[in-house]
Amino acid sequence: MLVAVTGFDESERRIWAGRAAAYAGTFAKLCAHTVPWLLDAAEVGPDVRVLDVGTGPGTVAVAACARGARVTAVDAEPSMVELARRSGAAVEVQVAALPELPFGDGEFDAVVCNFVLNHVGQPRAALTELRRVVRTDGWIALTIWPSAAAAGQALLGRAIQAAGAVRPAHPSPLAPEDDFPRDESGLTDLLSSAGLRNAACETLRWDHRASAEEWWSGPEAGVAFTGQLVQSQTPRTRAAIKNYFDTFSVEFADADGLLTLPHAALLARARR
Ligand SMILES: C[S@@+](CC[C@H](N)C(=O)[O-])C[C@H]1O[C@@H](n2cnc3c(N)ncnc32)[C@H](O)[C@@H]1O
């Protein structure tokens, strides 16, 4: 199958290029919260052949290995693949990008994707490809961020808005026919429309704890689209965003000075 890479995919490639270390030190810790739920949803256990797509620094892959699974992992970004390889777990990691994977039909018992589908230009085509590489009756489980952000998640966006920062549109948004509602029924319907069975979705909620310095260091280093947005501002506007970030952060601060940041994610699963 030859699949065209969309403008959205190309800009995502640029957003993640060389960001592995910055991501690992910041947002990867946030994304790690959903891993046990994700692996349970995909029924990952001893000897299960698992594919972790968009592995990043390898958090999910390492956790699946710890359950005794036989794990293969891919990521579109070479610096992520390098980092995942250094995780020390018995994981085979290679560079590959949705919606095209270098594996045969039905090679895996389970496929997992932690906060990746929201970074691909053709989500339905990506799911069709995940369906192809999982065996009949095998589970695909994935997480994405919902459009209704929890309070901790909204903190940086509030600071950006309060500072009057110009929010550029995504350089190349998804085509309307490729987009879907980022809620439980929208994600369930997307999985079904990709030919998957028994699709279901739930909302996960947790508190992420981090110091204000650590939480700011992700956007400051340009991690993800919001980070690039912060970096693209004038020094004066960046300073204003930081000031508002510090002001609003106080709402989330504990007695020990750490922030407690409520987050929510959508967890969906379906079978081939
Ligand atoms: C938010 S990070 C999640 C990483 C990891 N799953 C975790 O839980 O920390 C998104 C990852 O998806 C990767 N990615 C983005 N687009 C991709 C694509 N089309 N195919 C494969 N990986 C992709 C990025 O390089 C990045 O490592």
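Everything numeric in this text was worked out from a predicted model, so none of it was measured.

(A) A look at the overall build of the protein chain. Helix and strand counts for the protein chain come out as 12 helices and 7 strands. Against the globule reference of 19 Å for 272 residues, the protein chain gives a C-alpha radius of gyration of 18 Å, in line with a compact fold. Each principal axis of the C-alpha distribution contributes one length, and for the protein chain these read about 55 × 40 × 35 Å. Taken over 272 residues, the protein chain has a buried fraction of 49%. Of the contacts formed within the protein chain by residues at least 6 apart in sequence, a portion of 77% connects residues at least 24 apart. Counting only carbon and sulfur atoms, one obtains 53% of the accessible surface of the protein chain, whose full area is about 11800 Å². The average position of the 25 basic charges and that of the 32 acidic charges among the side chains of the protein chain differ by 1 Å.

(B) Representation of the nonpolar core in the model. Tyr23, Val44, Val71, Val112, Trp215 and Phe245 are the most contacted members of the largest nonpolar core, which has 57 residues in total. Grouped together as the second largest cluster of nonpolar side chains are 31 residues, Leu51, Val111, Ile140 and Ala194 included.

(C) Local environment of the environment of alanine 20. Locating alanine 20 in the fold gives a position in helix 2 (residues 20-24). As a C-alpha pair, alanine 20 and tryptophan 216 span 196 residues in sequence and 16 Å in three-dimensional space. Setting aside its immediate chain neighbours within four residues, alanine 20 contacts Ser79, Met80 and Leu83.

(D) Focus on the site of the ligand. For the ligand, the set of nearby residues contains 19 residues, the closest of which are Tyr23, Gly54, Asp75, Leu98 and Asn114. At 3.0 Å, a side-chain N or O of arginine 13 approaches a nitrogen atom of the ligand. Between a nitrogen atom of the ligand and a main-chain N or O atom of leucine 98, the distance comes to 2.9 Å. In isolation the ligand has 590 Å² of accessible area, and contact with the protein removes 98% of it. Classifying every residue of the shell around the ligand by side-chain character gives 11 nonpolar, 5 polar and 3 charged.

(E) Inspection of helix 1 (residues 7-16) at higher detail. Those residues of helix 1 that sit buried are Phe8, Asp9, Ser11, Glu12, Ile15 and Trp16. With its buried residues spanning 165° around the axis, helix 1 presents them on a single face. Looking at the packing, one finds that the buried side of helix 1 touches helix 2, helix 6 (78-85) and helix 11 (224-231). Two residues or fewer past helix 1, glycine 18 is found with a positive phi of approximately 70°.

(F) A look at the sheet that holds strand 7 (residues 259-271). Taken in spatial order, the 7 strands make up an open sheet running 3-2-1-4-5-7-6, and their pairing is mixed. At either margin of the open sheet sits one strand with a lone partner, and together these are strand 3 (91-95) and strand 6 (197-210). With direction set aside, neighbouring strand axes in the sheet form an average angle of 20°. When strand 4 (residues 108-114) meets strand 5 (residues 134-144), the two strands line up parallel, connected through 6 bridges. Counterpart to asparagine 114 in the pairing with strand 5 is threonine 143. Set on the sheet, helix 9 (residues 184-193) makes contact with strand 5, strand 6 and strand 7; between it and strand 6 the angle comes to about 135°.

(G) Summary view of the packing of helix 8 (residues 151-162) against helix 12 (residues 235-249). Contact pair helix 8 / helix 12: the axes reach a minimum separation of 8 Å and the direction vectors enclose 130°. When the axes of helix 8 and helix 12 are compared, the pair comes out oblique. Relative to helix 12, helix 8 is oriented so that their crossing is right-handed. Across the interface between the two elements, Leu155, Leu156, Arg158, Ala159, Ile160 and Ala162 of helix 8 pack against Ile241, Tyr244, Phe245, Phe248 and Ser249 of helix 12. A per-class count over the contact of helix 8 with helix 12 returns 9 nonpolar, 1 polar and 1 charged.

Criteria and thresholds
- Residues numbered from 1 in each chain as written.
- Predicted model: local features only at pLDDT ≥ 70, side-chain atom pairs only at ≥ 80, totals over all residues.
- Heavy atoms only, no water.
- Helix = DSSP H or I, 4+ residues; strand = E, 2+ residues; numbered from the N terminus.
- Rg over C-alpha atoms; globule rule 2.2 N^0.38 Å.
- Buried < 20%, exposed > 50% of the residue type's maximum accessible area, 1.4 Å probe, protein only.
- Contact = heavy atoms within 4.5 Å.
- Areas by Shrake-Rupley, 256 points an atom, 1.4 Å probe, with all protein chains shown as cover.
- Lys, Arg positive; Asp, Glu negative; His and termini not counted.
- Charge placed at Lys NZ, Arg CZ, Asp CG, Glu CD.
- Core = buried A, V, L, I, M, F, W, Y, C linked by side-chain atoms within 4.5 Å.
- Near = heavy atom within 4 Å.
- Polar contact = N/O pair within 3.5 Å; in protein donor to acceptor, adjacent residues only side chain to side chain.
- Nonpolar A, V, L, I, M, F, W, Y, C, P; charged D, E, K, R; others polar.
- Arc of directions from axis to C-beta.
- Pairing = 2+ DSSP bridges.
- Axes fitted to C-alpha atoms, helices over the stretch in contact; angles between N-to-C directions.
- Parallel < 35°, antiparallel > 145°, perpendicular 65-115°, else oblique.
- Left-handed = near helix turned anticlockwise from the far one by under 90°.

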